[in-house]
Amino acid sequence: MKALRELGNYSTLLYQALRSSTEFKTYRKSFFHEMVKIGYDSVPIIMLTGFFTGSVMTIQSAYQLESAFIPLSTIGAIVSESILIELAAVISSLVLAGKVGARIATELGTMRVSEQIDALESMGFNSVSFLVVPRVLAGIMMFPVLYIVACVFGIGGGLLAGLFTGTVPAADFLLGARMYFQPWTVIFGFVKMFVFGFIITSISSYKGYYATGGAEGVGKSTTNATVISCMVVLLADFLLASLLL
Amino acid sequence: MIEIKNLTKSFGDLLVWEDVSFNIQDGETIAIIGKSGCGKSVLIKHINALLVPDSGSVLIDGEDIHKMDYVLKRKLRQKFGVLFQGSALFDSINTFENVAFPLRYFSNQSEEEIRNNVMEALSHVNLEDAYNKETSELSGGMRKRVGLARAIVLKPNYIMYDEPTSGLDPQTSQEINELIIDLAKSLDITSIVVTHDMHSVLKVADKVAFLDQEKLSWHGTVEEMKKSEHKALIDFITASEYQIKQRVEYN
């Protein structure tokens, strides 16, 4: 029953956000501000996540596929395809649920419990347009950009790990990556990140916007925002894979 | 004029109050009093439609704010200034920007005009020198005054104060009370003050509405309140030595 009510409130907030999205003047400034916070500020953590994911993939694949009958280029193909089709999007999104989602839920939750959202409404602002719309729009625009960063550093990390551990020469790695490359996997990655960006920013906005009960309530909202975002991202990943592949 | 008619509100099974009706005339200052948790703040959030009642209506100059569409409601809310209990300043921007905030979005004023209006609002609350301070650098009393400057910068017709003196020392409380009186006079503004500080009520209010036992228990002028034999009201207003003295002196 509670879950149904939450779903209803979440849908109502999304509907309000959709209706308010035409009020660009209200959220223009915070939209660009959010693009910087969600996109630019997340680049370092996405670089690191991508780099180490690719590196570990290469080392583990080389370990598991150690055989005279399997060409080394296969490792490049496995790592780059896995990064492009799945890992760059999913692992980055799980990290971003912690970084971006938690920030959004905490910010809005604190604004709610300290009556700043009431203050906005009482001044005549549409608080959904001012607070939720720019965050969700910035999320769906910047997550695909971060996907590119994750892919570049993931494949780069895999390449360098193979090179420095001496398991896969760069030429073999690149040969495999090129040989099995399909542009569709990149498009699929973009679609995923677009969806994940929407899921994380909208759920976190919802949890923060309706936070109650002071500091403890904000903490609870933030935890719920992160956990639910991660769960829904994994569910959406499964659904997208089932539908689009 | 604000007309509150048969307002009832509950949160789930918890009845806050029912059948609350009273009017607020233009230019008067009314204090809404009652014990903590009796729904005073909830009541003022119904006046500018931040909360929706279970039943009843709130007429602002004859129009029911709860029956308006969202766009009209937002326009009407600009006629209200609100000083929130915790000031509700935006902590990501400084004092000047907090006060300038509504002007930047709801007026077509130039930067020069915005600056002049912000400084005028800050001068009303004696804080011109603090215009570039971060909100984290402000004391409790200063935060209330900045909140007040932000509430009056759009030159509202009505101003609502939610516990304006709570958490402040007696001297700062006195300054805030004097500000409420000054603003009511100088801006010819209708003021609604939610408080349980009887010293503040006696100082600023023309009329009093007393919430008790989930209803509007008593309503009248301050002079009538001093003479009233309403038991719950007497118990409430004579809960401190100071107030007992005031009442004895009056009688």
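Observations regarding the pairing of strand β3 (residues 29-34) of chain B
Residue and element names in this part refer to chain B.
Phase 1 of the analysis: The buried fraction of β3 amounts to 6 of the 6 residues, a majority that puts the element mostly inside the structure.
Phase 2 of the analysis: Of the two faces of β3, both are covered, the one formed by T29, A31 and I33 as well as the one formed by I30, I32 and G34.
Phase 3 of the analysis: Bridging between β3 and strand β8 (residues 190-194) involves 4 bridges; their strand directions are parallel. Bridged to T29 within β8 is S191.
Phase 4 of the analysis: Where β3 meets strand β9 (residues 207-212), 5 bridges bridge the pair, whose relative direction is parallel. Bridge pairing links I32 to A209 in β9.

What to know about the sheet that holds strand β10 (residues 215-221) of chain B
Residue and element names in this part refer to chain B.
Phase 1 of the analysis: An order of β6-β7-β8-β3-β9-β10 is seen for the 6 strands of this open sheet, with the pairing classed as mixed. At either margin of the open sheet sits one strand with a lone partner, and together these are β6 (80-83) and β10. Adjacent strand axes in the sheet meet at a mean angle of 15° when their direction is disregarded.
Phase 2 of the analysis: With 5 bridges joining them, strand β7 (residues 158-162) and β8 adopt parallel strand pairing. Bridging across to β8, Y158 finds its partner in T190.
Phase 3 of the analysis: Taken strand by strand, helix α1 (residues 40-47) contacts β3, β7, β8 and β9, and its axis lies near 150° from that of β8.

Considerations on the interface of chain A and chain B
Phase 1 of the analysis: With 12 residues of chain A at the interface, the matching set in chain B holds 15 residues.
Phase 2 of the analysis: The element contributing the most residues to the side of chain A that touches chain B is helix α5 (residues 116-123) of chain A, with 6 residues.
Phase 3 of the analysis: Per-class residue counts for the side of chain A that touches chain B are 3 nonpolar, 6 polar and 3 charged.

As for the sheet that holds strand β4 (residues 55-60) of chain B
Residues and elements named next belong to chain B.
Phase 1 of the analysis: Read across the sheet, 4 strands follow the order β2-β1-β4-β5 without closing on themselves; strand pairing throughout is antiparallel. The open sheet has two edge strands, β2 (14-24) and β5 (63-64), and neither has a second partner.
Phase 2 of the analysis: Strand direction decides the pairing type here: strand β1 (residues 2-11) and β4, joined by 5 bridges, are antiparallel. For E3, the partnering residue across the bridge sits in β4 and is L59.
Phase 3 of the analysis: Against the sheet, α1 engages β1, β2 and β4, with an angle of about 125° to β1.

Topic: the environment of A:S42
Phase 1 of the analysis: Structurally, A:S42 can be placed in the loop between α2 (24-38) and α3 (43-64).
Phase 2 of the analysis: A C-alpha to C-alpha distance of 7.9 Å links A:S42 and A:K99, two positions 57 residues apart in sequence.

Remarks on the confidence of the model for chain B
Phase 1 of the analysis: Averaged over all residues, the pLDDT of chain B is 89; the fraction at 70 or higher stands at 95%.
Phase 2 of the analysis: By mean pLDDT, helix α10 (residues 241-250) of chain B is the weakest element of chain B at 63, and β4(B) is the strongest at 95.

Each value, and the rule that gives it
Residues numbered from 1 in each chain as written. Chains lettered and ligands numbered in written order. Predicted model: local features only at pLDDT ≥ 70, side-chain atom pairs only at ≥ 80, totals over all residues. Buried ≥ 20, exposed ≤ 12 C-beta atoms within 10 Å, placed from the backbone. Helix = DSSP H or I, 4+ residues; strand = E, 2+ residues; numbered from the N terminus. Pairing = 2+ DSSP bridges. Axes fitted to C-alpha atoms, helices over the stretch in contact; angles between N-to-C directions. Contact = placed C-beta atoms within 7 Å. Nonpolar A, V, L, I, M, F, W, Y, C, P; charged D, E, K, R; others polar. pLDDT = per-residue confidence, 0-100.

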